[in-house]
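# An overview of the molecular structure
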Amino acid sequence: MDVGFILTNAIVLACIYGTLAIGLSITWSSVGLINLGYGFIFALSGYGAWLASQYISTNGVVVLTAGVLTGALGGLLVCALAFIPIHDKPNFTVRGLIATLAISLIGTQALLYVFGPRSKNLPDIFGFWKINLAGIVLTSDKIGNVVVSIVVVTAVLLWMRSSRRGLEIRAMMMNPHAASIVGIGVRKTGFYVMAITGGLAGLAAVLLSQTYYISPFGGLAPMIKGVSIALCGGLGSVRGAVIAAIILGLNEALTARLLGGQYVLITQFILIILILLVRPRGIAGILDRAREA
Amino acid sequence: MSAPVAAQPAAPAERREILKVKGLSAGYGPMRVIHDLDLSVYSGERVGIVGLNGHGKSTLFYAIAGLTGWQRGSILLNGVEVGRTRSQGPGRYTHLVVRQGLALIPQGDEIFHGLTVEEHLDSGAFTPRAWKERKERKEKILKIFPPLVKLLKTPVGRLSGGERRMVSIGRGLMADASLFLVDEPSLGLAPKIGKGVMEALFDVELGQSAMIIAEQNVALLEGRVDRVIGMHVGKLKGEASASLSFQTRREL
C-alpha cells in the first residue's frame, strides 16, 4: 500500500518534470540557449489555461489545449526577444542566459501585476474517479497526468524522428555549423524549437496544476527541477532526461514520505551532485553511441 | 564577325555564368584573409583552386556561402546577388544562398554524428525540389559510392574517415545545386582512398552546373579539370587550362 503510493507519486512527478526537462534539453542542444524564461512560460501558460476555463469552457481538452498554445506563444516570445537579436553575436550563451533571466523576472512581475498575488486553481480536467488496482488506489488525475504526458512527449519525439522539420532540428542539435551549410535556416528552426518546447512547458503547467495552484512565481521550482533533471541526464539527451526524471521523481516521492517535504530539494541536489561526480557528462554519457568526432 | 565565334567550339551559346565574384574581401575580426578577389565560373566547368594552407581557399568558399566573420563585395550566383556587406552574423543568410543553388562540401568532416547515413543524405536535399526527388538522388549517390549501401542505417559517428568523407560529399551532391564547392576532398585520407574520392568527383556529370575543387596537391587535379587557378595570400594568381599547366604564367 505504502510502496504503491510512493511509486505512483514518483511516476507522476517523473512524467511532469521529465516533460519540462526534455523541453529544456531540446532548447539547449538545438539553439544553444539555457532558457531561464522557462519558469515564466510555465506560469504564463497556467494563466492561459485558467483564462480559458473562466471564459471559454471548463472542458479538459479546451483547458489543456489553451495551456499548450499559450506555452507555445510564450516560447515564440522568448525566441523573438532572447534568441533572434543575439544568437550570432559573441558570447551568446551568457548573454542568452541573462536575457532569458530578465524575461523571467519581468514576466513574473507582469503576471503578478495583471492577475494579482492570489493563486488560482484549474478545474479537474480529468474528471473525478478512481480505480483500485491490486490494492493501489489510482486517482483520475494521476492516470491522466501520466497518460497525457507520455503520449505527448512520445508524439513530439516521433515527430522529431520522422518528419523533415524534425530532421532539421536534430541536425541543428548535432552540428549547427553544418546545418546552415546544408541549407537549414537557424532562425526559422529556432522559432519551431521554441514553440514546441514552450508547448511542452504549457502541458507540464496544466498537468501540475492538478496538484498545485497556479501563481505568478509557481514556475520557478518546476523550472529548477527541470534544469537539474536535464543536467543530470546530460544536457541534450532525451533518453538521459527520461532516466534522470524517473530517478529524481522516485527520490522526491521517497523523501517526501520518509523525511518530510521540506527536505526534498536537499536530497534532490545531493543526488544530482553524486551523479555528476560519478558521471560528469550526466547519465547519457553511458548511452552515447556515437564516436567523438 | 562570325568567323571568330566559330573558332571557339568550346564556348557554345548556352554557356552561362554561374558564379561571378567581384571585389570580394572577407575575413574574421581584425584579420583580412581575402583581398579584392575576382572570379568567374561558367556552367559545365570544373575548376581547380590550388594554394598552400592559410592562403584563403576555404575562406573564399565560406565567403560565397556567407559564413565568414565579415565580408564585402559582390557575389552573383545564377545572376542573383548573394554577397552582402556584412560586419557580423556568420551563417545568418547561408540557407538563402543554399536555396539559390549552392552546395558546399566543407573541409574536414562537418557531419551530424548521431544521424544515420540515410538521414544524412536526406539532410543534403533540403531545397524543396530536391526533397521531392530524394529517392532517385539517393540511388544516384549510392551508385557513385557503393560502399555506403551497406551502411545506410549506421550512425555516421561510427564510420571511418574515408566513409565519412563519402557521406559528406554525397550529402553535397544530393542538393539541387548549380555550383558545387568542394574543399580539399583528399585531406587526411590515405592516398589511395583520396584518389578514389577525387575520381568520383571527376566522374560526376555536371550538366548545367559547375564545380570548384580546392586542393593543395596539383598532381591530383592535373588533366582532370578545365582550369587550374593558383591562390596566394588571399588573391587569385595565374590561370591555365589544366592540360597546359606546366607552361603557363604561374606567378606564384
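These figures come from a predicted structure and were not determined experimentally. (Residues numbered from 1 in each chain as written. Chains lettered and ligands numbered in written order. Predicted model: local features only at pLDDT ≥ 70, side-chain atom pairs only at ≥ 80, totals over all residues.)

## Focus on the overall build of chain A
Each helix and strand in chain A was counted, giving twelve helices and two strands. Relative to the globule expectation of 19 Å for 293 residues, the C-alpha radius of gyration of chain A, 19 Å, shows essentially globular dimensions. Projected onto the principal axes, the alpha-carbon positions of chain A cover approximately 55 × 45 × 35 Å. A burial count over chain A gives 49% of its 293 residues as buried. Considering only intrachain contacts with a sequence separation of at least 6, the fraction spanning at least 24 residues in chain A is 76%. (Helix = DSSP H or I, 4+ residues; strand = E, 2+ residues; numbered from the N terminus. Rg over C-alpha atoms; globule rule 2.2 N^0.38 Å. Buried ≥ 20, exposed ≤ 12 C-beta atoms within 10 Å, placed from the backbone. Contact = placed C-beta atoms within 7 Å.)

## Some points on the overall build of chain B
Counting secondary structure elements, chain B contains nine helices and ten strands. Here chain B holds 252 residues, and 44% of them are scored as buried.

## Focus: the UniProt feature "transmembrane region" (unreviewed entry) in chain A
Residues and elements named next belong to chain A. Listed under "transmembrane region" (unreviewed entry) in the UniProt record, and renumbered for this structure, are residues 6-26, 33-56, 62-84, 96-116, 143-160, 192-214, 226-248 and 260-278. The span residues 6-26 carries 100% helix and 0% strand; its end-to-end C-alpha distance comes to 29 Å. As annotated, residues 260-278 comprises 79% helix and 0% strand, and the C-alpha atoms at either end are separated by 27 Å. (UniProt positions renumbered as here; feature names shortened; annotations may be inferred.)

## Observations regarding the packing of helix α9 (residues 220-233) of chain A against helix α11 (residues 264-278) of chain A
Residue and element names in this part refer to chain A. Two numbers describe how α9 lies on α11: the axes approach to 9 Å, and their chain directions differ by 20°. Taken together, the axes of α9 and α11 lie roughly parallel to each other. Read as a crossing pair, α9 and α11 show a hand that is left-handed. Across the interface between the two elements, Ser228, Leu231 and Cys232 from α9 touch Gln268, Ile272, Ile275 and Leu276 from α11. Looking at side-chain class alone, the contact of α9 with α11 contains five nonpolar, two polar and no charged residues. (Axes fitted to C-alpha atoms, helices over the stretch in contact; angles between N-to-C directions. Parallel < 35°, antiparallel > 145°, perpendicular 65-115°, else oblique. Left-handed = near helix turned anticlockwise from the far one by under 90°. Nonpolar A, V, L, I, M, F, W, Y, C, P; charged D, E, K, R; others polar.)

## Looking at the interface of chain A and chain B
Contact residues are listed per partner, giving 21 residues for chain A and 30 residues for chain B. Mapped onto the side of chain A that touches chain B, the elements with two or more residues apiece are α6 (164-174) and α7 (176-181) of chain A. Among the elements that make up the side of chain A that touches chain B, the one with the highest residue count is α6 of chain A (five residues). Classifying every residue of the side of chain A that touches chain B by side-chain character gives ten nonpolar, five polar and six charged.

## Points about the sheet that holds strand β5 (residues 80-81) of chain B
Residues and elements named next belong to chain B. The strand order across the open sheet formed by four strands is β2-β1-β4-β5, and the pairing between neighbours is antiparallel. Unpaired on one side and paired on the other, β2 (31-42) and β5 mark the two borders of the sheet. For strand β1 (residues 17-28) and β2, the ladder comprises eight bridges, and the chain directions are antiparallel. Residue pairing in the sheet places Val21 in a bridge with Leu39 of β2. Sitting on the sheet, helix α2 (residues 57-65) is in contact with β1, β2 and β4 (70-77), with an inclination near 75° to β2. (Pairing = 2+ DSSP bridges.)

## Focus on the confidence of the model for chain B
Residue and element names in this part refer to chain B. Here chain B shows a mean pLDDT of 82. Residues at 70 or above account for 89%. Scored below 50 in pLDDT, residues 1-12 shows zero contacts in the model against residues more than four places distant or in partner chains. With pLDDT under 50 throughout, residues 247-252 is counted as low confidence; its partners more than four residues away or in other chains account for eleven contacts. Our summary of model confidence lists the complex with pTM equal to 0.81 and ipTM equal to 0.76. (pLDDT = per-residue confidence, 0-100.)

## Looking at helix α1 (residues 2-31) of chain A
Given 3.6 residues per turn, any residue in an α-helix points the same way as the ones three and four places further on. Residues and elements named next belong to chain A. For α1, built from 30 residues, the straight-helix expectation of 44 Å at 1.5 Å per residue is met to within 8% by its first-to-last C-alpha distance of 43 Å. Taken across its 30 residues, α1 has 22 buried, putting it largely inside the fold. Within two residues after α1, Gly32 carries a phi angle of roughly 70°, on the positive side. (Expected span 1.5 Å × (residues − 1).)

## Observations concerning the environment of Lys237 of chain B
With respect to the element layout, Lys237 of chain B can be found in strand β10 (residues 235-241). According to the C-beta neighbour criterion, Lys237 of chain B is partly exposed, with 16 such atoms within 10 Å.

## Side note on the packing of α6 of chain A against helix α8 (residues 186-208) of chain A
All names here are of chain A. One way to put it is that α6 packs onto α8 with a least axis distance of 10 Å and a crossing angle of 105°. Compared by their axis directions, α6 and α8 come out roughly perpendicular. Counting all contacts with α6, which are made through Arg165, Glu168, Ile169 and Met172, the residues of α8 involved are Val186, Thr189, Tyr192 and Val193. Of the residues that constitute the contact of α6 with α8, the class distribution is five nonpolar, one polar and two charged.

## Considerations on the nonpolar core
Ranked by internal contacts, the top residues of the largest apolar core, which has 152 residues, are Ala21 and Ala204 of chain A together with Leu102 of chain B. Ranked by residues supplied to this core, first place goes to α1 of chain A with 15 residues. (Core = buried A, V, L, I, M, F, W, Y, C linked by C-beta atoms within 7 Å.)

## Description of helix α8 (residues 191-203) of chain B
All names here are of chain B. The terminal C-alpha atoms of α8 lie 18 Å apart, and with 13 residues this matches the ideal 18 Å at 1.5 Å per residue to within 8%. Within α8 the residues assigned to the buried category are Gly194, Val197, Met198 and Leu201. Seen end-on, α8 carries its buried residues on one side only, within an arc spanning 100°. For α8, the exposed residues lying more than 90 degrees away from the buried face are Lys192, Glu199 and Asp203. (Arc of directions from axis to C-beta.)

## Description of the pairing of β4 of chain B
Residue and element names in this part refer to chain B. Judged from the seven bridges that link them, β1 and β4 form a sheet pairing that is antiparallel. Bridged to Lys20 within β4 is Leu76. Bridge count for β4 against β5 is two bridges, and the pairing is antiparallel. Its bridge partner lying in β5, Leu77 is registered against Val80. With antiparallel pairing between neighbouring strands as the criterion, β4 and β5 make up a hairpin whose turn holds two residues, including Asn78 at a positive phi of roughly 55°.

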